[in-house]
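Coordinates in review
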Amino acid sequence: MCVPQESAPKLAQTDQWVKSFDFDAFTADMKKLGDELEKNQGDADVRHLNKMIMWSNMCGLVGLLTMGFGVSIIPVVALSTFTFTRWTMIAHHTCHGGYDKCHPNKSRWNRFKFAVGGTWKRMCDWFDWMMPEAWNVEHNNRHHYCLSEIEDPDLVENNLVDLRNLPVPVFIKWLALPLLVTTWKWFYYAPNTYKELKLAKWRKQGKKIPDGVVPSDAVTVRSLIFGGTPFYSFTEFFSVVIGPYLLIHFFLFPMPLLAIGEYMGTGHDMYISAVKNLFLAELLTNFHGFVAIVTNHAGDDMYRFREGCRPYSGSFYLRQVLASVDFWTGSDFNDFMHGYLNYQIEHHMWPSLSMLSYKRSQPLVKALCKKHGVPYVQENVFWRTKKTIDIMTGSASMRWFPEEYEKKFLARDAVLELEKKNRKSTLLSDKAMEAVQE
């Protein structure tokens, strides 16, 4: 569907491409590519996953073996990288269902099995500040299917509105950034993902949200302490979500070093060194995660949207491109250090594919976007960090997608969906007729 130029509203220069955009052709091309990618998943994807698991585990092993021998960069970087990659690559893509169909071990490498079902499963598969069940709701559902809408719980421009509107010079706002980027996982992400889990349960039960409570507002440790939230108490949050990780990861996990230290005659020094390295690694992995994760959908060249859309519709595919950014792609090492989040556009278009599928699809998606004139943003991750900080501090703002075209594309989605249902009905009718004739 080419939108008639004479009916188009006055557009900004950066939005001129939409006037000649063939919505139907773009939708068909992306649906076809997605189907082909899913069919081609198999043993190679599992081997690639195992390779990335081995690399991640090697980082963890190096950190484990060196963290008791004084505070140094080796255990800090190794432990930080293990935590980062265990989340962004292994848990992330498994919890999305990227290996549901191709992995032979269905009892573990499945979205409904991995890391969920209690603290022990959490410890074995993916142990972090966030509760896996809560993250699955917040990220896999709310973020992916409300991307850059007000209901998107990870919308940086909305979540940092207080900082953006703070009436102080920008350089003062920059002073708050080191603290934000090194604590965001436990300060913001853990409580907000848990809020989304509770909110989903409330909606399922038909429970009324109290007057004055805005569901899209982020819950942080600060808001929990000073204002509270109707969804849960700080005591519940600590005991269920962050308390187990804080106690086990930072204090119980290195306890064998107490015995080793006594045996070697160093007393508590090894244990204390390990605890210090673990806390330093925590600061570094927060920074690493911020650079690779928070920057995926923020910048003055990223679009925002007013209304929701059907999953896997033409509007859905278009929004994943317009509100996401790819970083440098290529070698396994480069992708490993990015946590495979450098294929963000492809991942958002087809969330339930493997890491290897995103590597395969990236040049194909980029070529299709060029073919249809759709802006495809791919830049260095550190440049994207600067663009994200500009959004956080209010130095820049995201673009709003032209409202008239947003409505037209949503209306076209409805028509295409109806045509699809009619085709299915016709096929069923034809099959029934053939059966009668036989």
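Scroll up to find the structure this text is about.
Residues numbered from 1 in each chain as written. Predicted model: local features only at pLDDT ≥ 70, side-chain atom pairs only at ≥ 80, totals over all residues. Heavy atoms only, no water.

The secondary structure content of the protein chain amounts to 19 helices and 2 strands. The C-alpha radius of gyration computed for the protein chain amounts to 24 Å, which stays within 12% of the reference 22 Å derived for 438 residues, consistent with globular compactness. If you line up the protein chain on its principal axes, its C-alpha atoms span 85 × 65 × 45 Å. Relative to its full complement of 438 residues, the protein chain shows a buried share of 52%. Restricting to contacts in the protein chain with at least 6 residues of sequence separation, those with at least 24 account for 72%. When the accessible area of the protein chain is evaluated, it comes to approximately 20300 Å², of which 63% is carbon and sulfur surface. Distance from the positive charge centre (49 side chains) to the negative charge centre (46 side chains) of the protein chain: 1 Å. (Helix = DSSP H or I, 4+ residues; strand = E, 2+ residues; numbered from the N terminus. Rg over C-alpha atoms; globule rule 2.2 N^0.38 Å. Buried < 20%, exposed > 50% of the residue type's maximum accessible area, 1.4 Å probe, protein only. Contact = heavy atoms within 4.5 Å. Areas by Shrake-Rupley, 256 points an atom, 1.4 Å probe, with all protein chains shown as cover. Lys, Arg positive; Asp, Glu negative; His and termini not counted. Charge placed at Lys NZ, Arg CZ, Asp CG, Glu CD.)

A word on the packing of aromatic side chains. Tallied over the entire structure, the rule returns 38 aromatic pairs. Both rings, one in phenylalanine 401 and one in phenylalanine 409, keep their centres 6.1 Å apart while their planes meet at 45°; by these two values the pair is tilted. The class for phenylalanine 409 is buried, based on a relative accessible area of 1%. Directly above the ring of tyrosine 405 sits lysine 408, whose terminal nitrogen or CZ lies 5.6 Å from the centroid. (Phe/Tyr/Trp six-rings, centres within 6.5 Å; stacked < 30°, edge-to-face > 60°. Lys NZ or Arg CZ within 6 Å of the ring centre and 35° of its normal.)

So, about the pattern of salt bridges. One pass over the full model with this rule turns up 28 salt bridges. Put simply, lysine 51 and aspartate 332 hold a salt bridge, and the shortest N to O gap is 2.7 Å. Residue lysine 51 is found in helix 2 (residues 43-66), and its partner aspartate 332 is found in helix 15 (residues 332-337); the two are separated by 281 residues along the sequence. The class of aspartate 332 is buried, set by a relative accessible area of 18%. Close ionic contact of glutamate 379 with arginine 384 constitutes a salt bridge, the shortest N to O distance being 2.8 Å. (Salt bridge = Lys/Arg side-chain N within 4 Å of Asp/Glu carboxyl O.)

Running from N to C, helix 13 (residues 269-293) and helix 18 (residues 381-393) cross one another at 90°; their axes reach a closest spacing of 8 Å. Judged by the angle between their axes, helix 13 and helix 18 are roughly perpendicular. Of helix 18, the residues touching helix 13 (which contributes Phe290, Val291 and Ala292) are Val381, Phe382, Thr385, Thr388 and Met392. For the contact of helix 13 with helix 18, the class distribution of residues is 6 nonpolar, 2 polar and no charged. (Axes fitted to C-alpha atoms, helices over the stretch in contact; angles between N-to-C directions. Parallel < 35°, antiparallel > 145°, perpendicular 65-115°, else oblique. Nonpolar A, V, L, I, M, F, W, Y, C, P; charged D, E, K, R; others polar.)

Within the structure shown, the criterion is met by 2 cavities of 30 Å³ or more. Volume-wise, the largest cavity comes out at about 50 Å³. Considering the residues around the largest cavity, the lining is formed by Phe305, Ser315, Leu318, Arg319, Phe401, Tyr405, Glu406 and Phe409. Counting residues per element, the ones that place at least two in the lining of the largest cavity are helix 14 (314-322) and helix 19 (403-437). (1 Å grid on protein atoms, 1.4 Å probe; cavity = no way out; pocket = protein on both sides within 12 Å on 5 of 7 lines; lining within 4 Å. Points joined across faces, edges and corners; volume = space filled by probe spheres on them.)

Right, let's talk about a nonpolar patch on the surface for a bit. Taken together, Met54, Met58, Leu61, Leu64, Leu65 and Phe253 make up a surface patch of nonpolar side chains, about 560 Å² in accessible area. Position of leucine 64 among the secondary structure elements: in helix 2. The exposure class of leucine 64 is partly exposed, given its relative accessible area of 39%. (Patch = residues over 30% accessible without salt bridge, like charges linked within 9 Å, V, L, I, M, F, W, Y side chains within 5 Å.)

All right, on to the environment of methionine 337 then. With respect to the helices, strands and loops of the structure, methionine 337 is situated in helix 15. Taking C-alpha positions, methionine 337 is 38 Å from tyrosine 405, a pair spaced 68 residues apart along the chain.

Two elements in contact, helix 3 (residues 73-95) and helix 13, have axes whose closest approach is 8 Å; the angle formed by their N-to-C orientations is 45°. With respect to each other, helix 3 and helix 13 are oriented oblique. Note that helix 3 runs across helix 13; the crossing there is right-handed. For the pair formed by helix 3 and helix 13, the contact residues are Pro75, Val76, Val77, Leu79, Ser80, Thr83, Phe84, Trp87 and Thr88 on the first element and Asn277, Leu278, Leu280, Ala281, Leu284, Thr285, His288, Gly289, Ala292 and Ile293 on the second. By residue class, the composition of the contact of helix 3 with helix 13 is 12 nonpolar, 7 polar and no charged. (Left-handed = near helix turned anticlockwise from the far one by under 90°.)

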